[in-house]
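Structure assessment
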Amino acid sequence: MKMMKTITAVAVATALLGGCQSTQSANNQQAVSQSQFPEVKVNYETFTLDNGLTVVVHEDRKAPIVAVNVWYAVGSKDEKAGQTGFAHLFEHLMFNGTENYDDEYFGPFERAGATEMNGTTNNDRTNYFENVPTPALDMALWMESDRMGHLLGAVTQEKLDEQRGVVQNEKRQGEAQPYGKAWSYIAEQTFPEGHPYSWSVIGSMEDLNAASLDDVHQWFEDYYGAANAVLVLAGDIDVETAKEKVTKYFADIGPGKPLKKHEAWVAKRDEQKRATMEDRVPAPRVYKVWNTAQMGTADSEYLNLLADILANGKNSRLYERLVYNEQIASSVGAFQYGRKLAGQFMITADAKPGVELEQIEKIIDEELARLIQEGPTAAELQRTKFSTTADFVRRAEKVGGFGGKSDILASGAVYHNDPGFYEKEMEWTKQASTNDLQNAAEQWLSHGDFVLNVVPQPNYTAQETNADRSQLPNVGDLPQLELPEVEQFTLSNGLEVYLAQRSDTPTIEMSLVFDSGYASDVGGKLGTASYTMSMLKEGTENLSALELNKRLESLGTNLNASASLDSSRISMDTLSVNFAESLALMNDVLQNPAFSEEEIERKRSNWIEGIRKEEARPQTQALRVLPGLMFGEGHAYSQPLTGSGTVESIKSLTRKDLVEHAQAWLRPDNAKLVIVGDTTVEQAQSLLEEQFSSWQAPASDKPEKSLDASMASETSRVFLIDKPGNPQSLIIAGQLAPSGQVDNADTIDVMNTILGGSFTSRLNMNLREDKGWSYGARSIWLDNEGPGLLMALAPVQTDKTKESVEEIIKEFTQYEDDKPATEDELAKVKANKTAKLPGAYETKGSLLSGLVSTFNKGKDVEYLEAYGQRINAITLDDIQENADKVLKPDAMTWVIVGDLAEIEDKIRELNLGEVTILSEEDIK
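Notes on the structure in this doc start here.

**Structural notes on the overall build of the protein**
The helix and strand tally for the protein stands at 34 helices and 24 strands. Dimensions of the protein, computed from the C-alpha atoms along their principal axes, are close to 105 × 70 × 65 Å. When the 924 residues of the protein are sorted by exposure, 53% land in the buried category. Carbon and sulfur atoms make up 47% of the accessible area of the protein, which amounts to about 41800 Å² in all.

Pasting the structure below:
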């Protein structure tokens, strides 16, 4: 179905602009009435192919040429962090040949005498355009349709690498220009993190380097379908001919994927923000930037007019004052940067030698304040209306090229779903009043500016030195780990206390650690331990939750309670001057928790919502399922690794359950108190006795957790969880492993670090750095008090799920077979783990954590101090022996979360073992 419409755009004829002057002064010149504005008509017709391609046709027979203009509704705003620059990179790739014409794109057009040929990318769209003689129209449409529908087979790694280099050189060239680095910096600083305009169109070097062939192929498949494009034909053409030819060349192209469209996000700021940048520039320049209304709004057009009045042309206010009269600036300008999601209003001015930018900025602020307070004059408004409409007249003379009629129609269709939208914009311009402009200035320019001063870099010079660059300097002997003395004493109630005095700052940190954790939930309601500990801060018998929090804040004290797999703890850090008062609050929380029914219910709904979020996220969903598959029913570790329990168990929790858990497990003979900070044994023991002497162990026997070893699976098993439409698969491969309390724990840790425990580990270098299939892959050894768990974890792109599984198996297998750890790998891990030791316990919190971990493993301070010596004593034979004993690549439990329609068959082809698809009920 086609529709006919005429755009009526306001314009000023050349004769009118150059007509006779009144004898009155320019400021008193009577404005031409709106009725004297002539009309410029741009007729167009539209039709849409069945595949969604929108076609706009404008007939203009004054010359035997046709402007071909293809706009894709994709720009840098459609990218994401880590993949910036893709839209612009693809603009280049689409000039490099297609499956059916695998050669430079310009060749046929040059031979046909095409003009105005180019392609551009901005935040909101990518376009390709050319003017061709009428007989060459079929060739042009063949070429444009071929790169829309038949491109990917010609996008090779060689071409990607070539155009990546071209784009990077374009980026270097732009940034090498004076003030060239300012634009990307302004984007970062003026929009919040994650905003689609917070990165530059050209992208970052890192992202361009990381772009893989699969990445760019996926980008094309996502955004370059026919339904996301607009084709404009303007010139020596009629709609019947256009429909015949466009159908012939474009109708067989797929529509592309359904797309999510960004909504307007202006991100207007309330406060001023400032920055200074040094660069190789000829003169200091000030940028003042406001986030303003998006294109397609009346305010955006009013701001366009304000920019002219304020700083464009010799009659503008800032030019007259800064450049012409006071002569302290060499140039000044302003513009409204209209974009689909948000606009920006920018003022720039270059200082003359010896002039401070502050002086220029002061005048800019004065003139802007005057414009906001008084508004523009009628003469100023009329002048800028004339210049704006005159620009449109000049643009509308051309059928194609930058800004011509095909551009006007295409921009309306892509940005506003209306080829004739320019009529509305020009009507806003025509009808704008001085009050409209004044209100727009007040709304958008009265506050919230970002001020960037770009100043010449000082003339620094380098000097000759005698540094030997032929080799790295020897690091030398590293300092040894020195820990403060740890003193131990026991309170009258049997509580063991460990104190490391450190008085560099007047603070004290402490953890009261219980041998419980959510492993103690076995046989009861899962999540009880975590829920109980979380309730301790929700009020006591003496203080409500809000009152308790207020008291803690007034003392500058942090108090927290939590549970992990093997332990629960109450932790506190406070100023040493408030040690006694803070201890009193900690004791109140410990001995007198209210477990208020009201607070229990308040927390319950949020807790259940948290579980549902865990069940929705692939990683936490898998970590909820894996322990039950690994440890077996009834084992203390056979529960979600998050410790949050299940929806059913949390719904069934009662106040009685929480009270009984606290009474059973939170007892002095089941705990250790570790203190690091600005206190002495004498002071601490006295205060602790005063507060905790009434805290006594019950007469019942101390409870014990059942941490028996589980029966390891002797074969591999695969469990699949369906996430339809998920763009990634999450792969977790688990196997049982030794406890963290074994004598060779350090060797197992080093072995795992080489395999997958660091950024430069084998797994990550393979799947991320070499293949580019994953953002990050790793292996984790959970060194539990009971049986441990070794897991490989890798989120990967869906189409590489099978291959990623194969690579994980290969890394595990060859580690204990034909590719054991090397001297270089071992030396690197040793150096990393030992060289950082002297600074590892710089803070009280890090020392406290290290001591707690050591004591939980049944070790003493000497064990912690000797860590470096143990690491350095590990040999390659030790690593190999442990790899042989620990790694079980043929008996792993695989949990894979992804789009089963895409991955299931390929996973089954691997023949890893029995494949089970887990239902929603299985994973709750």
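**Some points on unusual backbone geometry**
If you check the backbone angles, N417 has positive phi at about 60 degrees while not being a glycine. Residue F595 is not a glycine yet carries a positive backbone phi of 45 degrees. Looking at the secondary structure, you find F595 in the loop between α19 (579-591) and α20 (597-616).

**A short note on the nonpolar core**
The biggest cluster of nonpolar side chains holds 52 residues, and the ones touching the most others in it are L53, F90, L233 and F250. Ignoring sequence-local partners within four residues, the contact set of L53 consists of F47, T48, M148, A226, A227, A229, V230, L231, V246 and F250. Counting 48 residues, the second largest nonpolar core, distinct from the first, contains L495, M533, I611 and A671.

**Brief notes about the layout of surface pockets**
Approximately 1900 Å³ is the volume found for the largest pocket. If you trace the largest pocket, you find 46 residues lining it, with K80, Q83, D215, Q218 and P727 closest to the centre. Looking at the lining of the largest pocket, the elements that each hand over two or more residues are α7 (205-210), α8 (213-223), α26 (762-770), α27 (801-815) and α34 (900-909). No other element matches the eight residues that α8 contributes to the lining of the largest pocket. Taken as a whole, the second largest pocket encloses approximately 1200 Å³ of empty space. Lining the second largest pocket are 44 residues, and of these D783, S853, T854, N856 and K857 sit closest to its centre. When contributions to the lining of the second largest pocket are tallied by element, the ones reaching two or more residues are β15 (507-514), β18 (671-677), α25 (745-756), α29 (837-840), α30 (844-856), α31 (861-865) and α32 (867-872).

**Here's the deal with the sheet that holds strand β21 (residues 778-782)**
Note: strands within a sheet are paired through backbone hydrogen bonds, in either parallel or antiparallel orientation. What the six strands build is an open sheet, ordered β21-β22-β20-β23-β19-β24; its pairing is mixed. Strands with a single pairing partner mark the edges of an open sheet, and in this sheet they are β21 and β24 (914-917). Adjacent strand axes in the sheet meet at a mean angle of 20 degrees when their direction is disregarded. Contacts from α25 reach β21 and β22 (788-797) within the one sheet, and its direction differs from that of β21 by about 165 degrees.

**Considering the pairing of β22**
With ten of ten residues buried, β22 lies mostly within the body of the structure. Where strand β20 (residues 728-737) meets β22, ten bridges bridge the pair, whose relative direction is antiparallel. Looking at the pairing, I732 lines up with L793 of β22. Bridge count for β21 against β22 is five bridges, and the pairing is antiparallel. What sits directly across from W781, in β22, is L790. In sequence, β21 turns back onto β22 through a hairpin of five residues.

**A short note on the sheet that holds strand β8 (residues 273-279)**
Pairing is mixed across the open sheet formed by five strands, whose spatial order is β8-β12-β9-β11-β10. Lying at the two open borders of the sheet, with one neighbouring strand each, are β8 and β10 (329-337). Each neighbouring strand pair of the sheet contributes to a mean axis angle of 15 degrees, computed without reference to strand direction. As paired strands, β8 and strand β12 (residues 450-456) are joined by seven bridges and run parallel to one another. Note on β12: the bridge partner recorded for D279 is P456. Against the sheet, helix α10 (residues 298-311) makes contact with β9 (285-292), β10 and β11 (343-351), and its axis sits at roughly 170 degrees relative to β10, the strand it touches most. Against the sheet, helix α12 (residues 357-374) engages β8, β9, β10, β11 and β12, with an angle of about 35 degrees to β9.

**Comments concerning the packing of α25 against helix α33 (residues 876-886)**
When two helices pack together, you describe them by how their axes are tilted relative to each other and by the distance separating the axes. Where α25 meets α33, the axes come as close as 9 Å, and the angle between the chain directions of the two elements is 85 degrees. With respect to α33, the element α25 is oriented roughly perpendicular. Between α25, through T747, I748, V750 and M751, and α33, the contact on the second element is made entirely by D878, I879, N882, A883 and V886. Of the residues in the contact of α25 with α33, the class split is six nonpolar, two polar and one charged.

**Description of a negative patch on the surface**
Taken together, the side chains of D103, E104, E158 and E162 define an acidic patch exposed on the protein surface. Mapped onto the elements, D103 comes out in the loop between α2 (86-93) and α3 (106-112). D103 sits in the partly exposed class, given a relative accessible area of 44%.

**Some details on the packing of aromatic side chains**
Applying the stated criterion to the full structure yields 22 aromatic pairs. The interplanar angle of 85 degrees and the centroid separation of 5.7 Å between the aromatic rings of W183 and Y287 together place this pair among those described as edge-to-face. In this pair, W183 sits in helix α6 (residues 182-190) while Y287 sits in strand β9, placing the two residues 104 residues apart along the sequence. Summarising the aromatic geometry, the rings of F692 and W695 are spaced 6.1 Å apart at their centres and angled 65 degrees between planes, so their arrangement reads as edge-to-face.

**A word on the environment of L666**
Relative to the helices and strands, L666 is located in the loop between α23 (655-665) and β18. Other than its neighbours up to four places away in sequence, L666 contacts F514, M533, L536, H661 and W695.

**Digging into the packing of α27 against α34**
Between α27 and α34, the least distance of the axes is 8 Å, while the angle of their chain directions is 35 degrees. Residues T801, K802 and V805 of α27 touch α34, and the partners they reach there are I903, K906, I907 and E909. A class-by-class count of the residues in the contact of α27 with α34 yields three nonpolar, one polar and three charged.

**Examining the environment of K62**
Note on placement: K62 falls in the loop between β3 (54-59) and β4 (65-72). Residue class for K62 comes out exposed when judged on its relative accessible area of 55%. Residues K62 and G235 lie 173 residues apart in sequence; the distance between their C-alpha atoms is 7.7 Å. The residues contacting K62, other than those within four sequence positions of it, are E397, V399 and K405. Of the polar contacts made by the side chain of K62, one reaches the side chain of D60; its length is 2.7 Å.

Each value, and the rule that gives it
- Residues numbered from 1 in each chain as written.
- Predicted model: local features only at pLDDT ≥ 70, side-chain atom pairs only at ≥ 80, totals over all residues.
- Heavy atoms only, no water.
- Helix = DSSP H or I, 4+ residues; strand = E, 2+ residues; numbered from the N terminus.
- Buried < 20%, exposed > 50% of the residue type's maximum accessible area, 1.4 Å probe, protein only.
- Areas by Shrake-Rupley, 256 points an atom, 1.4 Å probe, with all protein chains shown as cover.
- Core = buried A, V, L, I, M, F, W, Y, C linked by side-chain atoms within 4.5 Å.
- Contact = heavy atoms within 4.5 Å.
- 1 Å grid on protein atoms, 1.4 Å probe; cavity = no way out; pocket = protein on both sides within 12 Å on 5 of 7 lines; lining within 4 Å.
- Points joined across faces, edges and corners; volume = space filled by probe spheres on them.
- Pairing = 2+ DSSP bridges.
- Axes fitted to C-alpha atoms, helices over the stretch in contact; angles between N-to-C directions.
- Parallel < 35°, antiparallel > 145°, perpendicular 65-115°, else oblique.
- Nonpolar A, V, L, I, M, F, W, Y, C, P; charged D, E, K, R; others polar.
- Patch = residues over 30% accessible without salt bridge, like charges linked within 9 Å, V, L, I, M, F, W, Y side chains within 5 Å.
- Salt bridge = Lys/Arg side-chain N within 4 Å of Asp/Glu carboxyl O.
- Lys, Arg positive; Asp, Glu negative; His and termini not counted.
- Charge placed at Lys NZ, Arg CZ, Asp CG, Glu CD.
- Phe/Tyr/Trp six-rings, centres within 6.5 Å; stacked < 30°, edge-to-face > 60°.
- Polar contact = N/O pair within 3.5 Å; in protein donor to acceptor, adjacent residues only side chain to side chain.

Everything listed is a geometric property; what it means functionally is a separate question.
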